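# Understanding the architecture of this molecule
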Amino acid sequence: MSDILLRTGQLGFAYPARSTSPFGKPVMRDVIKSVDLAVPRGAVLGLVGESGSGKTTLGRLLVRLLEPTSGGIQFDGTEISHLSEAALRPLRARIQMIFQDPQSSLNPRLPLAVTLTRQLEVYGRLKGRRDRRDRAAALLDLVGLPTAFVDRYPHELSGGQRQRAGIARALALQPDFIVADEIVSGLDVSTQAHILMLLKELRAKLGLTVVFISHDLSVIRVLCDEVAILRGGEVVEHGPVGRIFSHPQHAYTRQLLAAIPLPDVEPGWLDDPPSRQQPQQQGSAA
Amino acid sequence: MSAVLEIDNLHVAIGAANVLRGVSLRVEAGEVRGLVGESGAGKSMVGRTIFGLLPAKAAIRAGQVQFEGRDLLAMPDKERRGLLGRRIALIPQDPMTSLNPVRRIGAQMVALLQLHLGLSKRAALDRAADLLAEVAVRDPARVLQLYPHELSGGMRQRVLIAMAFACDPALVIADEPTTALDVTVQRQVLQLVERMRQRHGAAILFVTHDLGVVAKICRSMTVLHAGRVLEDGPTADVLVKPHHAYTRALLAATPRADRPADALKPVPPALIESLWAEARRLDQLTATRPA
């Protein structure tokens, strides 16, 4: 058993872009370019990038919702890049995804008891109706929701509660690897901190390996052991969280860090003349 | 100092539910005041009251909103509409839904300038191009020809900032204008808002949930929860020595890129519950008080 649970080698993804002529050869547009990542077992890797950086596409590749167009992905020693759906099936139980917007990813017409246990049903791990309610209640309890919520529908929950339900669903099959895509971005600060603490707690309790995708470096710092900075489909910098935040090497990482408004009054923060395009270099991060 | 905007004891209810419970705040001429709160705090309702855009079932139960010494709530609709867009402008949160998707940027800006400043079409077009140049849009002449969907989110927000300052307003209400933007774009947009404010001399009521944004652009701030003002003061004081437990809790729950993970403390649910209980008690008091 290697201590690396997930590894990508020169992973790439491209899709055909609109070509200039209907008869022309479709031009492939690279969204992910030669990404090498290694996620140690039990670690939380943060993937940071701005819109269009490819972070969501990369996350979808890692859980094989997308098939890479080049390079490879090894999950626990198995090459999964081009496995068929049937061959992937046993692995799917071990790999889960939590989505950004639980409002649209939880079925509005089903009570939580059904939504949370649907995957258990699909994998034949449910033993009747009684078991469904018990298992759902246990999952709700795990994420800090009242067990009485088994009969509730998603619209009866607050945003933070819905996100907890989304996490509960992802945990149903006791996966060992989870990709969480911007799961705290729509939440208020007070709710967000609770969800972050919950994730920390679950990760320690269940020994999860997590890839946490976010545009928010502050959130990454709270939760992650390692961070990879993505820009234009490439990893520009990758390393332990402490090092990246205290000694960023790449100009883009410094630029990202400098752009975060910390809740401290800092005269002069707004003084730099706004540039007419993305500044290529700007490194005044502390 | 003279106040551009003075809200006094504003009570607003939607149906039977109170959303603003006696909000008072002042925005001095030329200052940027942050209005901070989480969802449900009522911060957008303050802006909507000023613009007369409250939801259909909403009613103003009590209070005054004075703009440059005139009571906005008491004045005839026609008079108020004459102020909106010209003397009081809005930078909305979502630039996609605030621009007309089927009209070119130029036509939308020209319509605004013709309506409020009575410019000729030619003069309005020139002014629109100047305004776009002010918000650091490259090649304004080309952008004027484009439709909103042809612009990036940051670009659309620049257009709306240009439109907000177009008539040299005394007050700009900025409603979470950078929430949907990437951090690097957000910084550029905040810099632009500050530059436009200095150039055009407007005061800004900056509505946001982000304490970081408040720290960078607001000189003073008001903390709102459950439709009540919990704290009010110069930003430098409130962020360094917050008086109210809620403000302290919010600061402790805000993840910071410059601090290690264990510094984060979620807001205690008991605190939030006690604040809502206080708000409900207040509702009972006002309901039973003889008119």
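The rules behind these values
Residues numbered from 1 in each chain as written. Chains lettered and ligands numbered in written order. Predicted model: local features only at pLDDT ≥ 70, side-chain atom pairs only at ≥ 80, totals over all residues. UniProt positions renumbered as here; feature names shortened; annotations may be inferred. Pairing = 2+ DSSP bridges. Helix = DSSP H or I, 4+ residues; strand = E, 2+ residues; numbered from the N terminus. Axes fitted to C-alpha atoms, helices over the stretch in contact; angles between N-to-C directions. Contact = placed C-beta atoms within 7 Å. Domains from an automatic or database assignment. Nonpolar A, V, L, I, M, F, W, Y, C, P; charged D, E, K, R; others polar. Buried ≥ 20, exposed ≤ 12 C-beta atoms within 10 Å, placed from the backbone. Right-handed = clockwise from strand over helix to strand, strands pointing away. Parallel < 35°, antiparallel > 145°, perpendicular 65-115°, else oblique. Left-handed = near helix turned anticlockwise from the far one by under 90°.

An unreviewed UniProt entry annotates chain B as ABC transporter ATP-binding protein originating from Bradyrhizobium denitrificans.

Looking at an unreviewed UniProt entry, one finds chain A named ABC transporter ATP-binding protein and attributed to Bradyrhizobium denitrificans. Per UniProt, the comment on chain A under Sequence similarities (unreviewed entry) is "Belongs to the ABC transporter superfamily." UniProt, in its Function (unreviewed entry) section for chain A, records the words "Involved in beta-(1-->2)glucan export. Transmembrane domains (TMD) form a pore in the inner membrane and the ATP-binding domain (NBD) is responsible for energy generation."

## Considering the sheet that holds strand E3 (residues 32-36) of chain B
Residue and element names in this part refer to chain B. Overall, mixed pairing links the six strands, which are arranged E6-E7-E8-E3-E9-E10 in an open sheet. Taken across any chain shown, the strands that pair with only one partner, and hence form the sheet edges, are strand E6 (88-91) and strand E10 (228-234). When strand polarity is set aside, the average angle formed by the axes of neighbouring strands in this sheet is 15°. Sheet topology places E6 next to strand E7 (residues 171-175); four bridges connect them, and they run parallel. When the sheet's bridge partners are listed, Ile88 is paired in E7 with Leu171.

## Describing the interface of chain A and chain B
Facing the 33 residues of chain A at the interface are 37 residues of chain B. Mapped by element, the contributors of at least two residues to the side of chain A that touches chain B are helix H7 (189-206), helix H8 (217-223) and helix H10 (251-259) of chain A.

## Remarks on the UniProt feature "domain: ABC transporter" (unreviewed entry) in chain B
Mapped onto this structure's residue numbering, the UniProt feature "domain: ABC transporter" (unreviewed entry) falls at residues 5-251 of chain B. Note that residues 5-251 of chain B is 41% helix and 27% strand, and that its end C-alpha atoms are spaced 27 Å apart.

## Some thoughts on the domain arrangement of chain A
One frequent convention defines the size of an interface as the accessible area lost when the parts assemble. Residues and elements named next belong to chain A. Each assigned domain of chain A is listed with its residue range as follows: domain 1 (1-16 + 28-94 + 176-273) and domain 2 (101-174). In this complex, domain 1 contributes nine residues to the contact, which on the side of domain 2 involves ten residues. Sorting elements by how many residues they give to the side of domain 1 that touches domain 2 places H7 first, with four residues. The residue makeup of the side of domain 1 that touches domain 2, split by class, is six nonpolar, three polar and no charged.

## Notes on the sheet that holds strand E9 (residues 226-231) of chain A
Where strands meet in a sheet, backbone hydrogen bonds hold them as pairs that are either parallel or antiparallel. Residues and elements named next belong to chain A. Across the sheet, six strands lie side by side as E6-E7-E8-E3-E9-E10; this open sheet has mixed pairing. Looking at which strands have only one partner, the edges of the open sheet turn out to be strand E6 (95-98) and strand E10 (234-240). If you compare each strand with its neighbour and ignore which way they point, the axes differ by 15° on average. Across five bridges, the pairing between strand E7 (residues 177-181) and strand E8 (residues 209-214) is parallel. Bridged to Ala180 within E8 is Phe212.

## Quick look at the pairing of E7(B)
On any regular strand, side chains alternate: one points to one face of the sheet, the next to the other face. All names here are of chain B. Of all the five residues making up E7, five are buried; the element is thus mostly covered by neighbouring parts of the structure. Side chains Leu171, Ile173 and Asp175 of E7 all project onto a buried face; the interleaved residues Val172 and Ala174 project onto the opposite face, where all are buried too. The pairing of E7 with strand E8 (residues 203-208) spans five bridges and is classified as parallel. Paired with Asp175 across the bridge in E8 is Val207. Running through helix H8 (residues 183-200), the crossover from E7 to the neighbouring parallel element E8 is right-handed.

## Here we look at the environment of Ala236(B)
Residue position: Ala236(B) is located in helix H10 (residues 235-240). We classify Ala236(B) as partly exposed; it has 15 C-beta atoms within 10 Å.

## Examining unusual backbone geometry
Residue and element names in this part refer to chain B. In the Ramachandran plot, Ala136 falls in the positive-phi region, its phi being about 60° despite a non-glycine side chain. Inspection of the secondary structure puts Ala136 in the loop between helix H5 (121-134) and helix H6 (140-144). Judged by the 18 C-beta atoms lying within 10 Å of it, Ala136 falls in the partly exposed class. Although it is not a glycine, Ala226 adopts a positive phi angle of roughly 50°. With respect to the secondary-structure elements, Ala226 resides in the loop between strand E9 (220-225) and E10. Given 24 C-beta atoms within a 10 Å radius, Ala226 is considered buried.

## What about the packing of H10(A) against H8(B)?
At a minimum axis distance of 8 Å, the contact between H10(A) and H8(B) shows a crossing angle of 50°. By the angle between their axes, H10(A) is oblique relative to H8(B). Relative to H8(B), H10(A) is oriented so that their crossing is left-handed. Note on element contacts: H8(B) touches H10(A) through Val183(B), Thr184(B), Gln186(B) and Arg187(B), opposite Gln255(A), Leu256(A) and Ala259(A). Residues of the contact of H10(A) with H8(B), tallied by class, amount to three nonpolar, three polar and one charged.

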